[in-house]
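Reading the structure
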Amino acid sequence: MNAVAPAARRRAWQDPALLAPLTILLAALFLAPLLLMVPMSFREYDPGTGVVAGSWTLENYSRLLTDEFYREVALRTLGLGLAVTACSLLLGYPLAYVIARGNPRWRVTLVLLVVFPMMLNLVVRSFGWIALLSNHGLINNLLVGLGLIDTPLKLMFNLTGLIIGLTHIYLPFMVLMLVSSIQGVPRDVEAAASTLGSSRFHVFRAVTLPLTAPGILTGSILVFVLTVSALVTPRMLGGPTYKVMATLIYDEYMQLLDWPSGSALAFALTVVVLAFIWASSRLAKRWGGMA
Amino acid sequence: MAKLTLERLHKRYGELSVVDDVSLSIADGEFLSLLGPSGCGKTTILRMVAGLVDPSGGTIRIGDQDVTQLPPNKREIGLVFQSYALFPHLSVAENVAFGLRRRGVSGNELKERVTSALALVRLSAYGERKPRELSGGQQQRVAIARAVAPRPRVLLFDEPLSNLDAQLRDEMQIELKRLQSQLHLTSVFVTHDQQEALSLSDRVCVLAGGRIQQIATPEDLYHRPANAFIASFIGKPNRLVGDVAERRGVGGVLAVGGFRLPSAQVDAPVGTEVDVIVRQEAVQVHRHPVTDGIPATISLRSFSGAHVQYVVTVAPGVELLAQAPSTGDAASLAPATQVWLDIDPAAVFALPKRETQKRETHA
């Protein structure tokens, strides 16, 4: 109708057009193969002959609830995800606070220190933890040598080891998310709370913490998702027997060649992760007042 | 409410002195503005009163209590920020309730005081909204209700109107005046806008370079500025250069670009070169000759509502900003028209040349 129209029209198709290359790439190379695995997860598997063509069964999924071994691995994975998320949050928040609010001169250095471990190969870092945590590792030798304990603490091939290793590896993600989130809290809003009678602790609890809820949420989702899908570290610190979902899926695929079971486990994990993300965003929105 | 006393207040950042020996007493229920250009230390003073900045020296007293060492949450003050600083995660009513809850108010009393504070700023219907759903002016009114609700001993304003557009700013000024007449709050209002300071305050404290230049009522400040800096800071000044031709009491006659200009305040001896400040609003343009009128020609005309502004040339290279009512016979004069200027001597100030420059670089 007028001069505005062409510009508006251009804007209308511009956004989808910008997203198109990535969308096509993801659809062809990720989504399509993924959807091909859906029917696979309902197939029967015969250890002698392989995937039974044309068969339909829910057993690959129901096994997660009925089979004690599968159930334990599933619960362990969720517990591990929650524990690592909680540890990263508890360790990461004070650190992020210092980086965000401390002397700006130190900020770059501190962020680099936080990111530095990510520049090392994952296998190398996990080996480092083996050297520290094993029965005759640095920590146990030190504690025994000092006479604080008689027998070595069991720090590997169990939940403790995985929590320590994975928290170390995913802490940087949490810290980086929290730093930008804490930097985004207006200082005037905190000052307003203190002039209204809030002690420093109350300012933190009633203002800073809720206002950083979005950062806590994204950091937590990131760490949780990375933890429950981590393969290398659980494999190395958990050994061949202490399994989580990711290592279990890997074994089903690569060692047992039981693709139907592997796909079912993978999809089940995805559903649980999505449910977790949904629930935690609702929680954070209500808490941070963004609902 | 209580009176507020600042005694020999200092703030230094390393070598830089931001607030330099400021002593000031604000009476119970008085509204005082701290006025000055940016960097004059006015916000720092306010933040020291609030407890958000530690003074390098001096004492702050609210009532009879020395609060210099108290943290902000123990001072029982209210602070209204330029950025509004509302709690974005809380509703409007919860924002207002925040300070009340901190003082232990609860139950029905809490509800009543939140309701009356919101009624005071005419936002009763907005209690359940979130701050981001409100306009800038409404948000600032919530901030005022939040600061006022706990009945602070002193209310502080940190350029609260600067983020609002011009029309809203005028409305909010009237709103603040109305609040002030209802509540009689001891208030300190920081601003760089002279018009705000003049229209709101009982007294205005003009600051430059961290030092107090003058504390006076708005009328005294405007008509009897204490020094060069203030004369050039208040009103809309024309800046000229001239010589002192004659002294008569505190006033005299100045020679500027070939014409003689009577002045009510001359701070220099006869014969010296001076900076001449002529308030724009005191230069009236007339179509026909007037007694002691200075002849001039129109260079530019611009319409600004109630008035028409002219740039007039009184002598080669000497231009003045002048004005005429936008409805009179001098309302639509074309460039090059011959006119006569009537300049009120009370709005002409002459100051030793160096002083103005020094003060300005200092500010």
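Here, residues in each chain are numbered from 1, in the same order as that chain's written sequence. By the order in which they are written, chains take letters starting at A while ligands take numbers starting at 1. Thresholds applied to this predicted model are a pLDDT of at least 70 for local features of residues and 80 or more for the giving and counting of side-chain atom pairs; totals over whole chains, interfaces and linings are not thresholded and use all residues.

1. Thoughts on the overall build of chain B
Note the cut-off: Segments assigned H or I by DSSP are reported as helices when at least four residues long, segments assigned E as strands when at least two residues long, and all are numbered from the N terminus. We call a residue exposed when 12 or fewer other C-beta atoms sit within 10 Å of its C-beta, buried when the count reaches 20 or more, and partly exposed for counts in between; the C-beta positions come from the backbone. The contact criterion used is a C-beta to C-beta distance within 7 Å, with each C-beta placed from the backbone.
Of the regular secondary structure elements, chain B holds 9 helices and 21 strands. By principal-axis analysis of the C-alpha atoms, chain B measures approximately 75 × 45 × 30 Å. The 363 residues of chain B split such that 42% are buried. Put simply, 67% of the contacts in chain B that link residues at least 6 apart link residues at least 24 apart.

2. Quick look at the sheet that holds strand β1 (residues 4-13) of chain B
Residues and elements named next belong to chain B. Here is the rule we go by: Pairing between strands is defined by DSSP: at least two bridges between the two strands are required. Only C-alpha atoms enter the line fits that serve as axes; for helices the fit covers just the stretch in contact. Angles between N-to-C directions range over 0 to 180 degrees.
Spatially, 4 strands are ordered β2-β1-β4-β5 in an open sheet, and the strand pairing comes out antiparallel. In the strand order of this sheet, the two ends are held by β2 (16-26) and β5 (65-66), each with one partner. Bridge analysis of β1 against β2 gives 7 bridges, and the strand direction is antiparallel. Bridge assignment links Leu6 to a residue of β2, and that residue is Leu24. Seen against the sheet, helix α1 (residues 42-50) touches β1, β2 and β4 (57-62) and runs at an angle of roughly 115° to β1.

3. Observations concerning the confidence of the model for chain B
For any part of a model where pLDDT is low, the fine detail of the predicted coordinates should not be relied upon. Residues and elements named next belong to chain B. Under the convention used in this document: A score from 0 to 100, pLDDT tells how confident the predictor is in each residue.
In this model, chain B carries an average pLDDT of 90, and 97% of its residues clear a pLDDT of 70 or more. Within chain B, the element-level pLDDT minimum falls on helix α9 (residues 353-362), averaging 49, and the maximum on helix α2 (residues 92-102), averaging 97. Between residues 355-363, whose pLDDT stays under 50, and residues either more than four places distant or in other chains, the model counts 15 contacts. For this predicted complex, the interface score ipTM comes out at 0.83, alongside a pTM of 0.82.

4. Looking at the sheet that holds strand β13 (residues 259-263) of chain B
Residue and element names in this part refer to chain B. Within the open sheet, the 6 strands sit side by side as β13-β12-β11-β15-β21-β14. Their pairing is mixed. Only two strands of the sheet have a single partner each, and these edge strands are β13 and β14 (265-266). Pairing of strand β11 (residues 237-248) with strand β12 (residues 251-256), which is carried by 5 bridges, proceeds in the antiparallel orientation. Looking across to β12, one finds that Val244 is bridged to Leu254.

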